[in-house]
Amino acid sequence: KVEDLKVFGGSDDEYSSSLALGLDQVFLSGSFLNQATFGSMSLKSKGHEDGFTLSLPSSDLSQPKWCQSFGGTGVDRIEGLSVSTSQKLLVSGTFHGLIEIHDKQYDSGDGSGVFAVILESGGELLSTSAFLASGYVTNYISEWNPFDESFLFKKVHGYIGPNISA
């Protein structure tokens, strides 16, 4: 039995990629083309396709608490979402070309790049810079390491990057 169903979107395409449960929030991430509407919040992409992360109260899915978008000149997607035990949120994804994060621009060069940022549970950007790798990188996943309160980044077949402390 479906108890609560909510549909978000706009006139163009939206895609969901990750879902994570917090103590009293549901976090959803994905990407959108051109423009998207989530409840009363509207986002406009900076390029072709931008990534988004939003928070919904778990008791009422009708209106997002907050929404963040990440994008630049090309196709930018949020592909990973993890919640720490202290309710910090790791958002990771891929970008092509330029992407702007926390008023800084990053360039993936001729290939694609990956990025990761940490958000507070209220949506504020905690990290003032982004973890980046570039040059046709794929298959990155992240997971929460409860032993040292950090997020791990790795390639499917081996470790590739540093931990980022939350």
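See the structure printed just above.
Below or above, wherever it landed, is the structure these notes cover. (Residues numbered from 1 in each chain as written. Predicted model: local features only at pLDDT ≥ 70, side-chain atom pairs only at ≥ 80, totals over all residues. Heavy atoms only, no water.)

## Concerning the overall build of the chain
A tally of helices and strands in the chain yields 0 helices and 12 strands. From first element to last, N terminus to C terminus, the chain shows the α and β order β-β-β-β-β-β-β-β-β-β-β-β. Going through the 166 residues of the chain one by one, you find that 46% of them count as buried. Intrachain contacts of the chain at a sequence separation of at least 6 include 46% that bridge at least 24 residues. Here the chain has roughly 8,500 Å² of accessible surface; of this, 50% comes from carbon and sulfur atoms. (Helix = DSSP H or I, 4+ residues; strand = E, 2+ residues; numbered from the N terminus. Buried < 20%, exposed > 50% of the residue type's maximum accessible area, 1.4 Å probe, protein only. Contact = heavy atoms within 4.5 Å. Areas by Shrake-Rupley, 256 points an atom, 1.4 Å probe, with all protein chains shown as cover.)

## Things to note about the nonpolar core
Judged by nonpolar contacts, the single largest core of 16 residues is most densely connected at Phe27, Phe70, Leu89, Val91, Ile99, Ile101 and Phe115. For this core, the elements supplying multiple residues, two or more each, are strand S4 (66–72), strand S5 (77–83), strand S6 (89–101) and strand S7 (104–119). Here the element with the most residues in this core is S6; it accounts for 5 residues. Dropping the residues within four chain positions of it, Val91 is found in contact with Thr53, Phe70, Ile78, Gly80, Leu81, Phe115, Ala116, Val117 and Leu119. (Core = buried A, V, L, I, M, F, W, Y, C linked by side-chain atoms within 4.5 Å.)

## With respect to the pattern of salt bridges
Once the charged atoms of two side chains with opposite charge are near each other, the side chains can pair. For the coordinates displayed, the defined rule picks out 1 salt bridge. Ionic pairing is found between Arg77 and Glu49, a salt bridge with its closest N-O pair at 2.8 Å. Of this pair, Arg77 sits in strand S5 while Glu49 is found in strand S3 (residues 41–57), placing the two residues 28 residues apart along the sequence. A relative accessible area of 36% places Arg77 in the partly exposed class. Glu49 gets classed as buried once you look at its relative accessible area, which sits at 4%. (Salt bridge = Lys/Arg side-chain N within 4 Å of Asp/Glu carboxyl O.)

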